[in-house]
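# Inside the fold
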Amino acid sequence: MSENGNPRDEGREASSEASDAARRAGAGPTPDGDGPAHSEVAGHDAGFEDGALDEAEDQAAAESASAAPGRSGPHRDELAPLQRRDRPSHGREPELPRVKLFVEGRYRKLTRDLPQTVFFCPECKGHPRRRRNCARCEGFGKLTRESVQELVGWVLGAAFKTRRNKFHGAGREDLDVRMLGEGRPFVFEIESPKILDVDLAAVEAEINRRNAGRLEIRGLHWSDKSRVRVLKEEPHAKEYEALVALEAPVDPALHAALVGKRLQVVQQTPARVAHRRADKERERWIEFLAFEPTENPGELRVRLRTEHGTYVKEAIHGEGGATRPSLSELLGVGCVCRELDVLAILDVTGEPPPPPAKPLAFGANLQD
Ligand SMILES: [Zn+2]
């Protein structure tokens, strides 16, 4: 990465070793279940910080090993039917080559409490020893119980019989932002699987059954390593719907005049990310598509498209002039983004991307 020159993404590669490190460290049981959890890994805290991560600026994927399945994770027996071929139950297990498998799909996130990847505690980084006395996470090692990565990884991991994985998303959204529409593309990298042939349609159905109303996976199919780079490096414009609170009533003619125009906005690095981003100006386009009243006269539903890397919430409230112009400035009243949904991941120009290529046949993606 990155066309954003985003320093946050450095060191991500290291995080894949989390599960191994935990295993070596003899990690104890997780608070809610069995098995080793993640260990201290450089770069884990590079992901979510204070839950303030902005969807907009992230082209890079999060890569980290998912935490061990707890009670909410799948049980081996339940997932047995997902495996077409299980290991023979007699004799010695054959030596399996170290392989990686890549599966790809799209996720729809229907709640406002789910981070994309494992949300390690910024204080203890989920380290098995240090987290015990950590006041921030009370020994849990994470700040949320689960993430898209874990909800997907628990089922895939049980089916492929491995806990090691990396989650590569085509950008990401804040944990309080829903991902609707056709969903966001992701590649799930499965490391050292002990089962190679898994019924992905059954896995997808199981993930969706377990997470109804929270998370939905679509089109899970075999993929390959080259797709990771494509997903991480392709800049995407996005379409959003924001629920905007207005400080005072606005003449509808004012916002009607904004619809359909592509505006250039200049954004100073927002305060909420300033601790990990260089303070600098960036210029991005935004385009308002629609303003709709809600049942509440102090609110508007605003549909907009923004260039990749736009700080969307700031484009609405303006952060005291750090983003200019903002919707607050354009309407002449203070605006606050109450809720935000991503409706579509677009191509770089703001048009819907072409339909996906035909998935690979099974086995075409084996890597040593
Ligand atoms: Zn902690």
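The numbers attached to residues start from 1 for each chain and follow its sequence in the written order. A pLDDT threshold of at least 70 governs which residues receive local features in this predicted model, and a stricter bar of 80 or more applies before side-chain atom pairs are shown or counted, although totals over entire chains, interfaces and linings include all residues.

A word on the overall build of the protein. Broken down by element type, the protein carries 8 helices and 10 strands. To sort residues by exposure, count the other C-beta atoms lying within 10 Å of each residue's C-beta; 20 or more gives buried, 12 or fewer gives exposed, and values between give partly exposed, all with C-beta atoms placed from the backbone. Within the span of the protein, comprising 368 residues, buried residues form 44% of the whole. Two residues qualify as a contact pair if the distance between their C-beta atoms, derived from the backbone, is within 7 Å. Summarising the internal contacts of the protein: among those between residues at least 6 apart in sequence, 77% fall at separations of at least 24. Think of it this way: any DSSP run of H or I at least four residues long counts as a helix, any run of E at least two long counts as a strand, and we number them from the N terminus.

Turning to the environment of His317, a few remarks are in order. Mapped onto the elements of the fold, His317 is located in helix α7 (residues 312-317). A C-alpha to C-alpha distance of 9.5 Å links His317 and Val333, two positions 16 residues apart in sequence. Contact partners of His317, with chain neighbours within four places excluded, come to Ser326, Ser328, Cys335, Val336 and Cys337.

This next bit is on the packing of helix α3 (residues 148-160) against helix α4 (residues 200-210). The N-to-C vectors of α3 and α4 enclose an angle of 140 degrees; their axes lie 10 Å apart at closest approach. As the angle between them shows, α3 and α4 are arranged oblique. Remark: the crossing between α3 and α4 carries right-handed chirality. Contacts between α3 and α4 involve Leu151, Val152, Val155, Leu156 and Ala159 on the former and, on the latter, Val203, Glu206, Ile207 and Arg210. Three classes are used: nonpolar for Ala, Val, Leu, Ile, Met, Phe, Trp, Tyr, Cys and Pro, charged for Asp, Glu, Lys and Arg, and polar for all others, with Gly counted as polar. Within the contact of α3 with α4, the residues separate by chemical class into 7 nonpolar, no polar and 2 charged. Helix axes are fitted to C-alpha atoms over the stretch in contact, other axes to C-alpha atoms as well, and angles between N-to-C directions run from 0 to 180 degrees. Angle categories: roughly parallel below 35 degrees, roughly antiparallel above 145, roughly perpendicular from 65 to 115, and oblique for all the rest. Throughout, a crossing is termed right-handed when the near helix is turned clockwise from the far one, and left-handed when it is turned anticlockwise from it by less than a right angle.

This brings us to the environment of Gly126. In this fold, Gly126 is placed in the loop between β1 (100-109) and α3. Along the chain, Gly126 and Phe140 lie 14 residues apart, while their C-alpha atoms are 7.4 Å from each other.

Okay, the environment of Glu204 next. With respect to the helices and strands, Glu204 occurs in helix α4. Contacts of Glu204, omitting those with residues within four sequence positions, involve Gly105, Ile217 and Leu220.

So, on to the pairing of strand β2 (residues 165-169). In terms of burial, β2 is a largely internal element, 5 of the 5 residues being buried. Here β2 shows a buried face lined by Asn165, Phe167 and Gly169 and a second buried face lined by Lys166 and His168. The pairing criterion is simple: DSSP has to find at least two bridges between the two strands. Note that β2 and strand β3 (residues 178-191) share 5 bridges and pair antiparallel. Note on β3: the bridge partner recorded for Lys166 is Glu189.

This part takes up the nonpolar core. Take the buried Ala, Val, Leu, Ile, Met, Phe, Trp, Tyr and Cys residues, join any whose C-beta atoms are within 7 Å, and the set you get is a nonpolar core. By size, the foremost hydrophobic cluster in this structure holds 51 residues, and its most contacted members are Val152, Val155, Leu156, Phe188 and Val203. Ranked by residue count, the leading element in this core is α3, at 9 residues. Look past the residues within four positions of Val152 in its chain and what remains in contact with it is Phe188, Ile207 and Ile217. Judged by nonpolar contacts, the second largest core, of 5 residues, contains Val118, Phe119, Cys121 and Cys124.

Mean pLDDT over the protein stands at 79; residues scoring 70 or higher make up 72%. Taken together, the stretch residues 1-77 has pLDDT below 50 and engages in 192 contacts with residues farther than four places along the chain or on a different chain. Confidence scores labelled pLDDT are given residue by residue by the predictor and lie between 0 and 100.

Across 7 bridges, the pairing between strand β6 (residues 262-268) and strand β7 (residues 281-293) is antiparallel. Looking at β7, one finds that Gln268 is bridged to Glu281. Across 2 bridges, the pairing between β6 and strand β9 (residues 323-324) is antiparallel. From the neighbouring strand, Val266 faces β9, where its bridge partner is Arg324.

This brings us to α4. Burial in α4 covers these residues: Leu200, Val203, Glu204, Glu206 and Ile207. Seen from one end, α4 has its buried residues packed into an arc of 165 degrees, which puts them on one side. Residues of α4 that are exposed and angled more than 90 degrees away from the buried face: Ala201 and Arg209. Taking the helix axis as origin, the arc is that swept by the directions to the C-beta atoms.

Between Arg324 and Pro325 the backbone carries a cis peptide bond, its omega angle lying at -10 degrees. Topologically, Pro325 is positioned in the loop between β9 and α8 (327-331). Although it is not a glycine, Lys125 sits at a positive phi angle of roughly 60 degrees. Mapped onto the elements of the fold, Lys125 is located in the loop between β1 and α3.

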